[in-house]
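# Observations on the three-dimensional arrangement
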Amino acid sequence: MLEPALLPTPLVDCTDEAFARAGVELRLKRDDLLHPSVPGNKWRKLAPNLAAAVEQGHTRLLTFGGAYSTHLRAVAAAAGALGLESVGLVRGEELADRPRNWSLRAAERSGMRLEFLTRAAYREATGRAGAGGGAELQRRWGPCLVLPEGGSNALAAIGAAAIPAELPDLDGRDVVCCPVGTGGTLAGIAAGLPPGARALGVAVLRGGEGYLEAEVARLHRAGFGREFDNWRIDHAHHGGGYGKVLAELAAFAGEFERRHDIPVERRYVAKLLAALADLAVAGAFPRGTRLTAVVTGLPDPQ
């Protein structure tokens, strides 16, 4: 049985000197507290997909991820709680014979069967999933519902669109912000905003210019039947690329934790908060702007 989610998640005012000097208000939407085993944006994106899987009679989920993928762990936990089988296609065949890291161990403990692919085979498989090639994947891996890498599809965007509804009194001064890996959370936030409010995504991977924008637009068309013009993606704060945490970013995250007594996940959330601080100091937001940063996940265990 899947435990219920904490909804709505807490909204915390975050008085911070750098933002205050810029005349900008900062709030944290604590989606990291949403669910004990399927935290943050993973629950938002998975919940409608899990409901569809059960409704359609699926007994197995198949999805993709890297060695430390939060998405793999979340799918494994949710599938196990619902009595569904799960298969995780993992990027990197060299990992097959190595001791499992803490993340892959957690996925296996939840019942996920891990299959390790070469990077070329992984790109081909994820490409097939994104291009509607689920039937071919099912011929190889068995009958299943295929979830894309990161869980971002039309249903996921619809799930994330509930976030703005939990934020009171949004208007023209508001910018709702999130990190961007595959685009589903940003797509949902933008679609769920009232007129005047805007969404800002901070890319956590290098070289996503154009591609991520196209993905968000595609998810809007697929999930909502239209495109939106109330969002943008910042590509200048990826910190060296996906999964990279430079010393400067780690120091920023540690200091933010000490000031506010809030744990900061490094690969996504720290990049978001550092970007917002840089942009505020640079005057990128008009005075009076209210930023709401969606805390999409928990820090890795120490």
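Presented here is a report on the structure given in the accompanying data block. (Residues numbered from 1 in each chain as written. Predicted model: local features only at pLDDT ≥ 70, side-chain atom pairs only at ≥ 80, totals over all residues. Heavy atoms only, no water.)

### Some remarks on the layout of surface pockets
By volume, the second largest pocket amounts to about 260 Å³. Lining the second largest pocket, in full, are His 237, Gly 239, Leu 246, Glu 248, Leu 249, Phe 252, Lys 271, Ala 274, Ala 277 and Asp 278. Where the lining of the second largest pocket is concerned, the elements lending two or more residues are helix 10 (247-260) and helix 11 (269-281). With four residues, helix 11 is the largest single contributor of residues to the lining of the second largest pocket. (1 Å grid on protein atoms, 1.4 Å probe; cavity = no way out; pocket = protein on both sides within 12 Å on 5 of 7 lines; lining within 4 Å. Points joined across faces, edges and corners; volume = space filled by probe spheres on them. Helix = DSSP H or I, 4+ residues; strand = E, 2+ residues; numbered from the N terminus.)

### So, the environment of Cys 177
If you trace the backbone, Cys 177 turns up in strand 7 (residues 174-180). The class of Cys 177 is buried, set by a relative accessible area of 0%. Each C-alpha atom, one on Cys 177 and one on Phe 19, is 15 Å from the other, the two residues being 158 residues apart in sequence. Those residues in contact with Cys 177 that lie beyond four places of it in its chain are Leu 200, Leu 272, Leu 276, Leu 291, Thr 292, Ala 293 and Val 294. (Buried < 20%, exposed > 50% of the residue type's maximum accessible area, 1.4 Å probe, protein only. Contact = heavy atoms within 4.5 Å.)

### Some points on the side chain of Lys 45
Position of Lys 45 relative to the elements: it lies in helix 2 (residues 40-55). Buried within the structure, Lys 45 lacks any salt-bridge partner; Glu 215 is the closest side chain of opposite charge, at an N-O distance of 10 Å. At a separation of 3.2 Å, a polar atom in the side chain of Lys 45 contacts the side chain of Ser 152. What Lys 45 contacts, discounting residues up to four positions off in sequence, is Gly 150, Gly 151, Ser 152, Ala 156, Thr 182, Gly 184 and Thr 185. (Lys, Arg positive; Asp, Glu negative; His and termini not counted. Salt bridge = Lys/Arg side-chain N within 4 Å of Asp/Glu carboxyl O. Polar contact = N/O pair within 3.5 Å; in protein donor to acceptor, adjacent residues only side chain to side chain.)

### As for the sheet that holds strand 6 (residues 145-146)
Strand order in the open sheet formed by four strands is 5-4-3-6, with parallel pairing between adjacent strands. What marks the edges here is a single partner per strand, and that holds for strand 5 (112-117) and strand 6. Sheet topology note: the strand 3 (residues 60-65)/strand 6 ladder contains two bridges and is parallel. By the bridge assignment for strand 6, Leu 62 is matched with Val 146. Strands strand 4 (85-91) and strand 5 of the sheet are contacted by helix 4 (residues 102-109), whose axis makes an angle of about 135 degrees with strand 5. Packing against the sheet, helix 6 (residues 134-141) makes contact with strand 3, strand 4, strand 5 and strand 6, and its axis sits at approximately 105 degrees to strand 5. (Pairing = 2+ DSSP bridges. Axes fitted to C-alpha atoms, helices over the stretch in contact; angles between N-to-C directions.)

### With respect to the packing of aromatic side chains
Aromatic ring pairs: the centre-centre distance and the angle between the two ring planes describe each pair. Tallied over the entire structure, the rule returns four aromatic pairs. A centroid spacing of 6.2 Å and a plane angle of 50 degrees characterise the contact between Tyr 68 and Trp 102, whose relative ring orientation is tilted. With a gap of 34 residues between them, Tyr 68 in the loop between strand 3 and helix 3 (70-81) and Trp 102 in helix 4 connect regions that are remote in the sequence. Residue class for Tyr 68 comes out partly exposed when judged on its relative accessible area of 40%. For Trp 102, a relative accessible area of 23% gives the class partly exposed. When the ring of Phe 224 is compared with that of Phe 228, the centres are 6.0 Å apart and the planes differ by 85 degrees; the resulting orientation is edge-to-face. The buried category is assigned to Phe 228, whose relative accessible area is 16%. Lying across the ring of Phe 228, Arg 226 places its NZ or CZ 3.9 Å from the centre. (Phe/Tyr/Trp six-rings, centres within 6.5 Å; stacked < 30°, edge-to-face > 60°. Lys NZ or Arg CZ within 6 Å of the ring centre and 35° of its normal.)

### Structural notes on the side chain of Asn 49
Residue position: Asn 49 is located in helix 2. In this view, Asn 49 contacts Leu 145, Leu 147, Gly 151, Asn 153, Leu 155 and Ala 156; residues no more than four positions away in its chain are not counted.

### Quick word on the sheet that holds strand 1 (residues 11-13)
In spatial order, the strands read 1-2-10-7-8-9; together these six strands make up an open sheet with mixed pairing. Looking along the sheet, the strands with just one partner apiece sit at the ends: strand 1 and strand 9 (231-234). Adjacent strand axes in the sheet meet at a mean angle of 25 degrees, parallel and antiparallel pairs treated alike. Where strand 1 and strand 2 (residues 25-29) come together, three bridges link them in antiparallel fashion. Note on strand 2: the bridge partner recorded for Asp 13 is Arg 27.

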